[in-house]
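The primary structure of each chain is shown beneath.
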Amino acid sequence: MSGSQGKSMAVIGAGTMGRGIAQVFAQSGYEVYMHDTVPAAMESAAGQIEKLLKRAVDKGKMSADDAAATQRRIHTVPNLSNIGRHPLIVEAVIENPDVKVELLGSIQSMVTDDGILATNTSSISITQLAAATDRPDRFIGMHFFNPVPVMKLVEVVRGLQTSDETVKRTIALAESVGKSPVECNDHPGFVANRVLMPMINEAIFALQEGVARAEAIDDIMKLGMNHPMGPLALADLIGLDVCLDILQVLHRDLGEDRYRPCPLLRKMVQARRLGRKTKQGFYCYE
Ligand code: 3HC
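Residues numbered from 1 in each chain as written. Predicted model: local features only at pLDDT ≥ 70, side-chain atom pairs only at ≥ 80, totals over all residues. Heavy atoms only, no water.

1. Brief notes about a positive patch on the surface
Where like charges cluster on the molecular surface, the positive patch consists of Lys51, Arg55, Lys59, Lys61 and Lys279. Position of Lys61 among the secondary structure elements: in the loop between α2 (39–58) and α3 (64–72). (Patch = residues over 30% accessible without salt bridge, like charges linked within 9 Å, V, L, I, M, F, W, Y side chains within 5 Å. Areas by Shrake-Rupley, 256 points an atom, 1.4 Å probe, with all protein chains shown as cover. Salt bridge = Lys/Arg side-chain N within 4 Å of Asp/Glu carboxyl O. Lys, Arg positive; Asp, Glu negative; His and termini not counted. Charge placed at Lys NZ, Arg CZ, Asp CG, Glu CD. Helix = DSSP H or I, 4+ residues; strand = E, 2+ residues; numbered from the N terminus.)

Below, the structure is given as structure tokens:
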């Protein structure tokens, strides 16, 4: 199952982000090898990608042949040790540093000798994760945005030891799948989440304090700021557990009260009202 012929890559983690990353690389002609420890996650990923490709065909945005070829290029690999060796591996597992560190230690040998090991982490230090590998110069943050097939941005995050060559090649890889990469340095939350999460948190405080109903808060931000969706609906899309994780990293690592997660956000996560993925967040998705 080696992907050494033609373009290949592997993505580890078939959750919201991993499946989106798999889809965009497959659409751009890469043979994609996708692994998740949970078999049901891989099945659900394959099913969702099929549905999105079908929708693109129905809308006349893709030919049926291209959609079928894209699907054929996505290989689900139940056993991680069968993933093969690839010039690019993107890790997109749960936002837990211990889980990521352990995984990175075991997959670094699956990257070709001059290949790139990337993490899609939204807030964990790239420098810290790089230290779990014996190739920190070829380790980098490749931060995609949800929904991955739609959002153009890839935040390319340079760790302390990431080489210039790795940055250059990662930018080229992101461009090869039609994305618009933007480079930044390794600081808590990088740029996107450092700016976005305080806005979402403030919207949750406004809801908690009864300033307005959820729909009104979102309408005000949509109509007044021209945002495509309001901050509460966006939090539901991202996942409230992910928002809480990121705010906790910002709060702890930047050490300022303005990043303190809103108690209502904590309660929602405790209640497993995590947004779209559990069909209940600030809105109901039944
Ligand atoms: N997966 C794939 N494609 C999707 C999708 C999904 N989950 N949701 C919508 N789309 C596609 C639709 O198929 C449609 O495609 P088309 O134009 O080719 O027909 C297109 O997106 C527009 O969809 P809709 O017409 O259904 O709906 P909207 O026009 O309201 O757009 C949206 C939906 C793209 C989600 C838009 O509301 C949006 O851009 N929202 C903001 C998203 C955002 O800010 N994302 C960043 C989150 S932060 C993050 O990810 C970082 C992380 O670290 C937390």
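2. What to know about the domain arrangement of the chain
Structurally, the chain comprises domain 1 (8–185) and domain 2 (193–278). Around 540 Å² of area is buried between domain 1 and domain 2 when both sides are counted, 52% of it from carbon and sulfur atoms. Counting every contact that joins domain 1 to domain 2 gives zero salt bridges. Our enumeration of links across domain 1 and domain 2 arrives at two residue pairs in polar contact (both at pLDDT 80 or more). Tallied by class, the residues present in the side of domain 1 that touches domain 2 amount to one nonpolar, four polar and one charged. (Domains from an automatic or database assignment. Buried area = accessible area lost by both parts, 1.4 Å probe. Polar contact = N/O pair within 3.5 Å; in protein donor to acceptor, adjacent residues only side chain to side chain. Nonpolar A, V, L, I, M, F, W, Y, C, P; charged D, E, K, R; others polar.)

3. Thoughts on the sheet that holds strand β8 (residues 180–185)
The eight strands lie next to each other as β3-β2-β1-β4-β5-β6-β7-β8, forming an open sheet whose pairing is mixed. Each of the sheet's edge strands pairs with one partner strand only, and the pair in question is β3 (74–76) and β8. For this sheet the average axis-to-axis angle between neighbouring strands, irrespective of direction, equals 25°. Alignment of strand β6 (residues 139–144) against strand β7 (residues 153–158), held across four bridges, turns out to be antiparallel. Bridge pairing in β7 links Gly141 to Val157. (Pairing = 2+ DSSP bridges. Axes fitted to C-alpha atoms, helices over the stretch in contact; angles between N-to-C directions.)

4. Looking at the pattern of salt bridges
In total, this model carries 13 salt bridges according to the counting rule given. Across the salt bridge formed by Arg138 and Asp137, the nearest N and O atoms sit 3.8 Å from each other. With a closest N to O distance of 2.9 Å, Glu256 and Arg258 form a salt bridge. Three or more residues joined by partner-sharing salt bridges are found here, namely Glu91, Glu95 and Lys100.

5. A few points about the packing of aromatic side chains
Considering all chains together, one arrives at one aromatic pair under this definition. Arranged with centres 5.0 Å apart and planes meeting at 85°, the rings of Phe25 and Tyr30 form a pair that is edge-to-face. Overall, Phe25 belongs to the buried group, its relative accessible area being 0%. (Phe/Tyr/Trp six-rings, centres within 6.5 Å; stacked < 30°, edge-to-face > 60°. Buried < 20%, exposed > 50% of the residue type's maximum accessible area, 1.4 Å probe, protein only.)

6. A look at unusual backbone geometry
At the junction of Asn146 and Pro147, the peptide bond is cis and its omega measures out at -5° in the coordinates. Looking at the element boundaries, Pro147 is found in the loop between β6 and β7. A positive phi is found at Phe190, a non-glycine position, where the angle reads about 50°. Tracing the backbone shows Phe190 in the loop between β8 and α7 (192–208).

7. Structural notes on the nonpolar core
One broad trend across soluble globular proteins is that nonpolar side chains are buried collectively. Counting 36 residues, the largest nonpolar core has Met9, Ile21, Phe25, Leu88 and Met142 as the members making the most contacts within it. Residue contacts for Met9: discarding those within four places in its chain leaves Ile21, Phe25, Tyr30, Glu31, Val32, Tyr33, His86, Leu88 and Val90. Membership of the second largest hydrophobic core comes to 29 residues, among which are Ala214, Ala235, Cys243 and Leu274. (Core = buried A, V, L, I, M, F, W, Y, C linked by side-chain atoms within 4.5 Å. Contact = heavy atoms within 4.5 Å.)

8. Comments concerning the site of the ligand
Taken together, 18 residues form the shell around the ligand, and within it Lys59, Lys61, Ser122, His143 and Asn146 come nearest. Lys61 places a polar side-chain atom, nitrogen or oxygen, 2.9 Å from an oxygen atom of the ligand. Residue Asn146 places a main-chain N or O atom 2.7 Å away from a nitrogen atom belonging to the ligand. For the ligand, the accessible surface in isolation is 1,000 Å², of which the surrounding protein chains cover 66%. For the shell around the ligand, the secondary-structure elements that each account for two or more residues are α2, α7 and α9 (231–238). Within the shell around the ligand, the residues separate by chemical class into eleven nonpolar, four polar and three charged. Here the shell around the ligand spans two domains, since at least three of its residues come from each of domain 1 (8–185) and domain 2 (193–278). (Near = heavy atom within 4 Å.)

9. Looking at the pairing of β7
Examined bridge by bridge, β7 and β8 share six bridges and lie parallel to one another. Residue pairing in the sheet places Val157 in a bridge with Cys184 of β8. Handedness of the crossover joining β7 and β8 through helix α6 (residues 164–176): right-handed. (Right-handed = clockwise from strand over helix to strand, strands pointing away.)

10. Things to note about the side chain of Glu91
Structurally, the position occupied by Glu91 is in strand β4 (residues 86–91). Only 2.7 Å separates the side chain of Glu91 from the side chain of Lys100, close enough to count as a polar contact. Here Thr119 takes part through its side chain, which lies 2.5 Å from a polar atom of the side chain of Glu91. Look past the residues within four positions of Glu91 in its chain and what remains in contact with it is Ile12, Lys100, Leu103, Leu104, Ala118, Thr119 and Asn120.

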